[in-house]
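If you want the building blocks of each chain, they are given just below.
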Amino acid sequence: MDALSFFANVDWAEIWLATIDTMIMLFGSLFFTVLLGLPLGVLLFLCGPRQLFEQKGVYALLSLVVNVLRSLPFIILLIVMIPFTVLITGTSLGVAGAIPPLVVGATPFFARLVETALREVDRGIIEATQSMGATTRQIITNALLPEARPGIFAAITVTAITLVSYTAMAGVVGAGGLGDLAIRFGYQRFQTDVMVVTVVLLLVLVQVLQSVGDKLVVHFSRK
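These numbers were taken from a predicted model, which means no experiment stands behind them.

Basis of the calculations
Residues numbered from 1 in each chain as written. Predicted model: local features only at pLDDT ≥ 70, side-chain atom pairs only at ≥ 80, totals over all residues. Heavy atoms only, no water. Helix = DSSP H or I, 4+ residues; strand = E, 2+ residues; numbered from the N terminus. Contact = heavy atoms within 4.5 Å. 1 Å grid on protein atoms, 1.4 Å probe; cavity = no way out; pocket = protein on both sides within 12 Å on 5 of 7 lines; lining within 4 Å. Points joined across faces, edges and corners; volume = space filled by probe spheres on them. Nonpolar A, V, L, I, M, F, W, Y, C, P; charged D, E, K, R; others polar. UniProt positions renumbered as here; feature names shortened; annotations may be inferred. Polar contact = N/O pair within 3.5 Å; in protein donor to acceptor, adjacent residues only side chain to side chain. Core = buried A, V, L, I, M, F, W, Y, C linked by side-chain atoms within 4.5 Å. Buried < 20%, exposed > 50% of the residue type's maximum accessible area, 1.4 Å probe, protein only.

*Asks:* Sorry, what's going on with the environment of E147 here?
*Replies:* Within the fold, E147 resides in helix 8 (residues 136-147). Filtering out sequence-adjacent residues up to four positions away, E147 remains in contact with V121 and I125.

*Asks:* Explain the layout of surface pockets to me, please; I cannot follow it from the model alone.
*Replies:* The gaps left among the atoms become clear once a water-sized probe is rolled over them. Its volume calculated, the largest pocket comes out at about 150 Å³. Of the residues belonging to the lining of the largest pocket, the class tally is eight nonpolar, two polar and no charged.

*Asks:* Can you walk me through the UniProt feature "transmembrane region" (unreviewed entry) in the protein in this structure?
*Replies:* Here the UniProt-annotated "transmembrane region" (unreviewed entry) positions come out as residues 24-46, 58-82, 88-111, 152-174 and 194-213. Helix makes up 100% of residues 24-46 and strand 0%, and the two end C-alpha atoms of the span are 33 Å apart. Its end C-alpha atoms 29 Å apart, residues 194-213 is made of 100% helix and 0% strand.

*Asks:* Help me understand the side chain of T19 in this model?
*Replies:* Positionally, T19 belongs in helix 2 (residues 12-47). At 2.8 Å, the side chain of T19 forms a polar contact with the backbone oxygen of I15. Residues contacting T19, with those up to four places away along its chain left out, are L178 and L201.

*Asks:* What is the right way to read the nonpolar core from this model?
*Replies:* By size, the foremost hydrophobic cluster in this structure holds 30 residues, and its most contacted members are L26, L102 and L163. When residues of this core are traced back to their parent elements, those giving at least two are helix 2, helix 4 (74-80), helix 6 (94-119), helix 9 (149-170), helix 10 (177-187) and helix 11 (192-221). The biggest single contributor to this core is helix 6, with six residues. Every residue in contact with L26, bar those within four places of it in the chain, is listed here: A160, L163, V164, T167, L205 and L209.

In structure tokens, the structure reads:
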């Protein structure tokens, strides 16, 4: 069997469109995940034990919400969120229908990674900034976040790779993208060639994201 006959079932135009859909889902949901998860992670850190604004009650409540959402399997979250997704986007299908559950699923995960990155900042830097009379906002923007940049970019990289797998799972409920193509053709119609192509493209995407993320971490570690 030659290569051309093996890929006989592959519609390259459809593969291209599915790849575009996956990229839109990935970067659209990643944008909102960082937008929501970064302040949530900062808040978790600030309210945590032995931190600037230690609030045991607030921290316990936030931790509970984050842990519940993190522990919920994404495929279940997709189904549970269908009414909410329809309410805010008008549909539970396609790219638009996939982004809300992707954001809800990834934001708590990213927030925990941000909290961990902030905990690794040298406490002496925070205390030195405080001693100079800096406000809370200045401590966060001038000390915490700049010092934690390598860890935060590593967190973004890990979250982006996690979102790739989430976008593939979203194909189960008709979200579109490479995951949807793999399920409809590769699994349901037993077209192995389509499955192979989609898996390879997802692997390439993960490798590219990891490579770019590693370079950003190294770059900000040197500053």
